[in-house]
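The chain contents come next:
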Amino acid sequence: MGDPYVDIESLRAAHPEHWNKACAIRTLTLDAVAAANSGHSGMPMGMADVATVLYEKHLKFDASAPDWPDRDRFILSAGHGSMLLYSLLHLTGYEDMTLDQLRNFRQLGAITAGHPEYGHAKGIETTTGPLGQGLANSVGFAIAEEVQRARYGKKLVDHYTYVIAGDGCLMEGVSQEAIGLAGKHELSRLIVFWDNNNITIDGTVELSDKTNQVLRFKASGWHVQEIDGHDPEAIDAAITKAKKTGKPSMIACKTHIALGSSAQDTSKGHGALTDAQLIADTRAVYGWEHGPFEIPADVKSAWEAIGARGTEARKDWEGRLASVSNSKQKQFARELSGDVPNKLSATIKALKKQISETQPKVATRKASEMALEVINPIMGETFGGSADLTGSNNTLTGDMGVFDPENRKGRYMYYGVREHGMAAAMNGLALHGGVKPYGGTFMCFTDYARGAMRLSALMKQPVAYVMTHDSIGLGEDGPTHQPVEHLAMLRATPNVNVFRPADAVETAEAWEVALGSKETPSVLALSRQGLPTVRTDHTLKNQVSMGAYVLAEAESKRQAILMATGSEVEIAMAAKALLEAEGIGTRVVSMPCWELFEAQDEKYRRKVLPGGPVRVAIEAAIRFGWDRWLFGERGKREKSGFIGMHDFGASAPAGTLYEHFGITAQATADKVKSLLGGDWTPTR
């Protein structure tokens, strides 16, 4: 059965107690996948030995306190093998992972989703469906551990991050971005087990890849070992050795997918093994004489003892936490909770007042830097970075220090040209807790970061994405760099707040909202070109938090409403002046965040966008999405228009491009008048 390299009889005889614990994982997997008639049986069957040794001998955790901040983190990057994780959580005694949840694997309402979903169950550290994401998240977890250990000391922060990754994880491009970052920064608390089973869905790995993964990791600065993934003594020794290196560690575990079944070492073994005879034969090979979902009392008791092994260490940690000053305890708790410091509100208000008084003309990317310069000194938990565009994204402030192997107190990361790796690492930073990550690149390159950005939204992680050069306003770099469809793509993603501020005041307010968010990621779409201050009257209220608001009211009878975001608010204000000069009363509505406006009650939305006047939206992006505000919300299709982009951009100075594409105050005024037709007459 399968490759003769693995001698199951010898494994059973040499390590009978280990074998029974590992087979509890294997048989629960077979039973759950059979009950669901779908899933992935092979990986849990192949990696059960590694997981058993890890949990029994090394993983620091307490099943009765799953949120213990100083626990080791275990990430199943090969998330299709989710029954490995669910079995471990049930066996070790996690309260919410009942046997009924395993019986309802992949069913509506169960916490045992097809792939591990963060927030569904305790012990699931991150959502790992898309391959490679868990591995890339783990880099963020390891960075967060280093940062917090430097900040609070080993008595409060001293743990490892362990990962199981498969061949698919290592084929995904984000994996190289991740392992390159980890190697560069010598993240020695990161230990990755490669499930080296040589099988993908299509067949053996040789069909599509010939990479020497051992040499690849070594070349990226990792410590690497190669072991038999079914030998518990070799697994234990490798983990012990990995902990003593000064580098991130990869343990290549040679395993057999679907171990012990007739599908062993085949692509069939990757998927759902549901044939009753195959399952019965496999149980016989294992020597498992128990019914479906039946775990003998001695095996369950042994696993529960593993789940309780960390209780004493957790209580010792609680004692150490209690021994530090009250102020440090409160700070530690606040940062883990995601709460912002009380002084943030006053700090933002003071900055807004200063801006309204001095009225600078600055790009909103510069305005973002101005906000961060007052935010970062009072929020030691912020961790910034950029994908090789620090000077363009304006994401580094003078107080932060650069994170590297010599300075673990640094709060700024040079991610290199790794947009996807940066975004995935920021998810890990946020998931770990105690850190508020933000990172920058050009907005067009949200395409590269998209996979991880979607997971920020899905996992409800408040990562802040600083996306500069947000339109044709970036000018000469041309259409490859000019985002036109990206605002629509981001706005179409559930649970993302997309901010496009009009000036430095709105930018400061956007940062206040983003930092205060606990369950929603934020995208700050920021301009390259300088923009005038349009909020010249200081207000204490955070107007951006409402999503949209009346920036300028009609001076005479209101006949038109101009809606705009970001750099086009300036154009709306200029168009208003043209229209008012002809007696056409015009309201300007700034709409920096559609999602927040949509969340307001009907009364407020009606106040901002009443029925009656014609509506024109102005945005240097495609129209997609604007119809909700143009002829929804009491508007009318025949009385609405759009000034913006209808195709890709071009290479030229920004001013030339705005004229070329007709995104001007005059074009806006003309659009309003054409919509009014003969229905308007000067009121002056």
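Residues numbered from 1 in each chain as written. Predicted model: local features only at pLDDT ≥ 70, side-chain atom pairs only at ≥ 80, totals over all residues. Heavy atoms only, no water.

Section: the pattern of salt bridges
Link 1 in the chain: Going through the model one piece at a time under the given rule, you end up with 41 salt bridges.
Link 2 in the chain: Here Asp 62 and Arg 314 are joined by a salt bridge, their closest N and O atoms 2.9 Å apart. With Asp 62 in the loop between α3 (42-58) and β1 (73-76) and Arg 314 in helix α13 (residues 311-323), this residue pair connects regions lying 252 residues apart in the sequence. The same class applies to Asp 62 and to Arg 314, which are both buried. (Salt bridge = Lys/Arg side-chain N within 4 Å of Asp/Glu carboxyl O. Helix = DSSP H or I, 4+ residues; strand = E, 2+ residues; numbered from the N terminus. Buried < 20%, exposed > 50% of the residue type's maximum accessible area, 1.4 Å probe, protein only.)

As for the pairing of strand β4 (residues 223-228)
Link 1 in the chain: Pairing of β4 with strand β5 (residues 249-254), which is carried by 6 bridges, proceeds in the parallel orientation. Counterpart to Gln 225 in the pairing with β5 is Ile 251.
Link 2 in the chain: Handedness of the β-α-β unit built from β4, helix α10 (residues 232-242) and β5 comes out right-handed. (Pairing = 2+ DSSP bridges. Right-handed = clockwise from strand over helix to strand, strands pointing away.)

A short note on the nonpolar core
Link 1 in the chain: Core analysis: the largest hydrophobic core is formed by 68 residues, its most contacted members being Tyr 55, Phe 74, Tyr 162, Phe 193, Ile 251 and Trp 303.
Link 2 in the chain: Those residues within four positions of Tyr 162 in sequence are excluded, and the remaining contacts are Leu 54, His 58, Leu 59, Asp 72, Arg 73, Phe 74, Ile 75, Ile 191, Phe 193, Ile 239 and Lys 243.
Link 3 in the chain: Within the second largest apolar cluster, 59 residues are counted, among which are Ile 75, Val 163, Val 192 and Leu 429. (Core = buried A, V, L, I, M, F, W, Y, C linked by side-chain atoms within 4.5 Å. Contact = heavy atoms within 4.5 Å.)

Considerations on the sheet that holds β5
Link 1 in the chain: Ordered by their spatial adjacency, 5 strands build an open sheet running β1-β2-β3-β5-β4, and the pairing between neighbours is parallel. Edge strands, defined here as strands with exactly one partner in the open sheet, are β1 and β4. On average, each strand axis in the sheet is inclined to that of its neighbour by 20°, with strand direction left out of account.
Link 2 in the chain: Seen against the sheet, helix α6 (residues 133-152) touches β1, β2 (161-166) and β3 (190-196) and runs at an angle of roughly 165° to β2. (Axes fitted to C-alpha atoms, helices over the stretch in contact; angles between N-to-C directions.)

A look at the packing of aromatic side chains
Link 1 in the chain: This structure, assessed with the given rule, holds 19 aromatic pairs.
Link 2 in the chain: For the ring pair Phe 61 and Tyr 94, a centre distance of 6.3 Å and an interplane angle of 5° mean the geometry is stacked. Of this pair, Phe 61 sits in the loop between α3 and β1 while Tyr 94 sits in the loop between α4 (82-92) and α5 (99-103), and the two are 33 residues apart along the sequence. We note that Phe 61, like Tyr 94, is buried.
Link 3 in the chain: Judged by centre distance (5.5 Å) and plane angle (75°), the rings of Tyr 438 and Trp 511 are edge-to-face. A residue pair is termed long-range when its members are at least 10 positions apart, and Tyr 438 in strand β8 (residues 436-442) and Trp 511 in helix α21 (residues 504-516) qualify at 73 residues. Taken as a pair, Tyr 438 and Trp 511 share a single burial class, namely buried.
Link 4 in the chain: Through a chain of ring-to-ring contacts, three or more aromatic side chains come together here, namely Trp 594, Phe 597, Tyr 604, Trp 626 and Trp 629.
Link 5 in the chain: When the ring centre of Tyr 160 is taken as reference, the NZ or CZ atom of Arg 189 above it lies at 5.0 Å. (Phe/Tyr/Trp six-rings, centres within 6.5 Å; stacked < 30°, edge-to-face > 60°. Lys NZ or Arg CZ within 6 Å of the ring centre and 35° of its normal.)

Considerations on the sheet that holds strand β7 (residues 412-414)
Link 1 in the chain: Strand order in the open sheet formed by 6 strands is β7-β6-β8-β9-β11-β10, with parallel pairing between adjacent strands. In this open sheet, the two strands that pair with only one neighbour each are β7 and β10 (497-499). Between one strand axis and the next, the sheet turns by 20° as a mean value, whatever way the strands run.
Link 2 in the chain: Bridge count for strand β6 (residues 382-386) against β7 is 3 bridges, and the pairing is parallel. Counted as the bridge partner of Gly 385 is Met 413 from β7.

Things to note about the packing of helix α15 (residues 343-358) against α21
To characterise two packed helices, one gives the angle between the axes of the helices and the distance between these axes.
Link 1 in the chain: The N-to-C vectors of α15 and α21 enclose an angle of 170°; their axes lie 9 Å apart at closest approach. Between α15 and α21, the interaxial angle falls into the category roughly antiparallel. Contacts between α15 and α21 involve Leu 344, Ser 345, Ile 348, Leu 351, Lys 352, Ile 355 and Ser 356 from the first element and Ala 504, Val 505, Ala 508, Glu 509, Glu 512 and Leu 515 from the second. (Parallel < 35°, antiparallel > 145°, perpendicular 65-115°, else oblique.)

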